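Chain residues, written in single-letter form:
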Amino acid sequence: MGVDLRQVVAGILTLTMFVMLGNMIKRDRFDSVVEEKLPGGAVDAEFDSGKVTEQGLVTFAKMGNGPWMEDGQQLKPCWTESTFDQIEQSKGFVTFSLTNGPEYHILQIADAVVVARYVGATLVIPDIRGNKPGDERKFEEVYDVEKFVKSLDGVIKVVKDLPDDISIRDFAVVKVPNRVTEDHIAELVEPIFRTKGNIRLATYFPSVNMRKTTQKSNTDSIACLAMYGTSELNSEVNEAVDSMIERLRTLSRKSDGRFIAVDLRVAILEKKSCHGSGAGGVKTCYDAKEIALFLRKIGFDKDTTIYLTQSRWDDSLHVLKDIFPKTYTKESIMPEEKKTKFLQSEDSEFEKVIDFYICSQSDVFVPAISGLFYANVAGKRIASGKTQVLVPADIPGSSSSVTNHFSPYISKKNHLAYSCFC
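The rules behind each value
Residues numbered from 1 in each chain as written. Predicted model: local features only at pLDDT ≥ 70, side-chain atom pairs only at ≥ 80, totals over all residues. Heavy atoms only, no water. Pairing = 2+ DSSP bridges. Helix = DSSP H or I, 4+ residues; strand = E, 2+ residues; numbered from the N terminus. Axes fitted to C-alpha atoms, helices over the stretch in contact; angles between N-to-C directions. Contact = heavy atoms within 4.5 Å. Patch = residues over 30% accessible without salt bridge, like charges linked within 9 Å, V, L, I, M, F, W, Y side chains within 5 Å. Areas by Shrake-Rupley, 256 points an atom, 1.4 Å probe, with all protein chains shown as cover. Salt bridge = Lys/Arg side-chain N within 4 Å of Asp/Glu carboxyl O. Lys, Arg positive; Asp, Glu negative; His and termini not counted. Charge placed at Lys NZ, Arg CZ, Asp CG, Glu CD. Phe/Tyr/Trp six-rings, centres within 6.5 Å; stacked < 30°, edge-to-face > 60°. Lys NZ or Arg CZ within 6 Å of the ring centre and 35° of its normal. Disulfide = S-S within 2.5 Å. Buried < 20%, exposed > 50% of the residue type's maximum accessible area, 1.4 Å probe, protein only. 1 Å grid on protein atoms, 1.4 Å probe; cavity = no way out; pocket = protein on both sides within 12 Å on 5 of 7 lines; lining within 4 Å. Points joined across faces, edges and corners; volume = space filled by probe spheres on them. Nonpolar A, V, L, I, M, F, W, Y, C, P; charged D, E, K, R; others polar.

Peer 1: Quick question: what am I supposed to make of the sheet that holds strand β4 (residues 97-99) here?
Peer 2: Two modes of strand pairing occur in sheets, parallel and antiparallel, and in both the strands are linked by backbone hydrogen bonds. With mixed pairing, the three strands of this open sheet are ordered in space as β4-β6-β7. Each edge of the open sheet carries a strand with a single partner, namely β4 and β7 (136-138). Neighbour-to-neighbour, the strand axes of this sheet turn through a mean angle of 30°, independent of strand direction. Of the pairings in the sheet, the one linking β4 to strand β6 (residues 127-129) comprises three bridges and is parallel in character. Within the sheet, the bridge partner assigned to L98 lies in β6 and is I128. Sheet contacts for helix α2 (residues 102-119): β4 and β6; angle to β4, the most-contacted strand, approximately 150°.

As structure tokens, this is what we get:
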């Protein structure tokens, strides 16, 4: 009995259609929006993932090698110079220090500017202090001091140093919560300033919540300017960042120069707080293996270039490099002539700054760790239109749509940056 070739072809086509349909159903099953938050207290960042809205905050590039997305439109600041009324200047000073890395610097600057503006004080440019005693740097060693002063012209008076006849020892130390309010300043800060004449601010962080609020304040525009319009890297540090980004793009020819930055630091992953899940079963940290599986399951192929914020290579990262061979830390892509200055130690302030700005400019950013680094990198990316921030997850099947994993800061437009940019 002969075999009809047309029946064989028809059978193959039918089987293929059933397989495709099965894969579509399987993928749909994983396309869910997680609506849980992190535990309260000191941790309250948006680390759940959400689908992109129907309006389309992100568009896909028409290219292979992964679910790459086109940048959105760069936003414009909502604040203008005409927003700020002239205020009477007092004779007092406000001093403060920048600590804990650039993700904290942004907010420490904002609180200091808001306080100085409210009480009519002159702001002294801060120093930068590391984690170790005696680890201090001048502001201009990292940031563009002239840009800082010029950006605040007409808002507050800024000086580089205290007058010789004024001693910092005579300053009253005042602690203020991050995103300090006018009521708090009026009740707890201004009376001390009027009595002492000079104050030294120390910002504390009761949470890392960077979600925008519905409450409006006269200081909103001041805070926005201070967070997003005052701090730029100085030319030397910026050159180091640019050279590393250029190197990463050169290594990414198969993906049109695009690369992923992952905030993954082994020392933090090894902490007890990273083991298990937080409230509601939401994980706050993902290790190298989990990140590798996540990226593969949402469609990034083995030729994808990945930058890690981990300072030095660690054996635990091999599992990631096995799946994505083009995985690098800063020591392997930084130009040799810059390593002496910028890779002095694992606690180097330069390394933190370099990581922050590379993660802010990469094509995709994946935070393996929840916290303020993730929240403030997301804020800078929102301002520049680089809204490809993907929150990792343990995907139970073989694949998942990348649209399930957009940061809710982006998909819900609930980041504070959306209040600052139009």
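Now, onward.
Peer 1: Looking at this structure, I do not really get a negative patch on the surface. What am I missing?
Peer 2: A cluster of acidic side chains, namely E140, D161, D164 and D165, defines a negative patch on the protein surface. With respect to the element layout, D165 can be found in the loop between β8 (158-159) and β9 (172-177).

Peer 1: What exactly am I supposed to notice about the packing of aromatic side chains here?
Peer 2: The full count for this structure, using the stated rule, is eleven aromatic pairs. The rings of F356, Y357, F365 and F373 are connected pair by pair, giving a single aromatic cluster. The positively charged end of K321 is found above the aromatic ring belonging to Y328, 5.2 Å away from the centroid.

Peer 1: Just to check I follow, could you spell out the state of the cysteines for this structure?
Peer 2: Every disulfide links exactly two cysteines, by a covalent bond between their sulfur atoms. Counted by the stated rule, this structure contains two disulfides. The partner cysteine of C78 in its disulfide is C422, sulfur to sulfur 2.0 Å. One end of the pair, C78, is in the loop between β2 (69-70) and β3 (93-95); the other, C422, is in the segment after α15 (417-420), and 344 residues separate them in sequence. Between the sulfur atoms of C224 and its disulfide partner C420 the distance amounts to 2.0 Å. Handedness of the C224-C420 disulfide follows from its S-S torsion of about -70°: it is left-handed. A residue pair is termed long-range when its members are at least 10 positions apart, and C224 in helix α5 (residues 220-228) and C420 in helix α15 qualify at 196 residues. The pair C224 / C420 is uniform in exposure class, with both members buried.

Peer 1: Sorry, what's going on with the sheet that holds strand β11 (residues 259-263) here?
Peer 2: Here four strands make up an open sheet; going across it, the order is β13-β12-β11-β14 and the pairing parallel. A single partner strand is all that each edge strand has here, and the edge strands are β13 (327-328) and β14 (364-367). Pairing of β11 with β14 involves four bridges; the strand directions are parallel. Paired with D263 across the strands is P367, a residue of β14. Relative to β14, helix α8 (residues 288-297) is tilted by about 140°, and along the sheet it contacts β11, β12 (305-308) and β14.

Peer 1: How should α5 be read in this particular structure?
Peer 2: Two residues of an α-helix separated by three or four positions point the same way, owing to the 3.6 residues in each turn. Counting buried positions over the nine residues of α5 gives seven, a clear majority of the element. Elements that come into contact with the buried residues of α5 comprise α2, α3 (145-151), α13 (372-384) and α15.

Peer 1: What's the story with empty space enclosed by the protein in this structure? I'm lost.
Peer 2: Leftover empty space is mapped by rolling, across the atoms, a probe with the size of a water molecule. Enumeration over the complete set of coordinates arrives at two cavities of 30 Å³ or more. The calculated volume of the largest cavity comes to roughly 40 Å³. In terms of lining residues, the largest cavity is bounded by I106, M227, Y228, S231, Y357 and K380. Residues that form the lining of the largest cavity fall into these classes: four nonpolar, one polar and one charged. Taken as a whole, the second largest cavity spans an internal volume of roughly 40 Å³. Taken together, P102, H105, I106, I109, Y143, S231, F356 and Y357 form the lining of the second largest cavity. When residues of the lining of the second largest cavity are traced back to their parent elements, those giving at least two are α2 and α12 (349-361). Among the elements that take part in the lining of the second largest cavity, α2 stands out by supplying four residues, more than any other. Taken together, the residues of the lining of the second largest cavity break down into six nonpolar, two polar and no charged.

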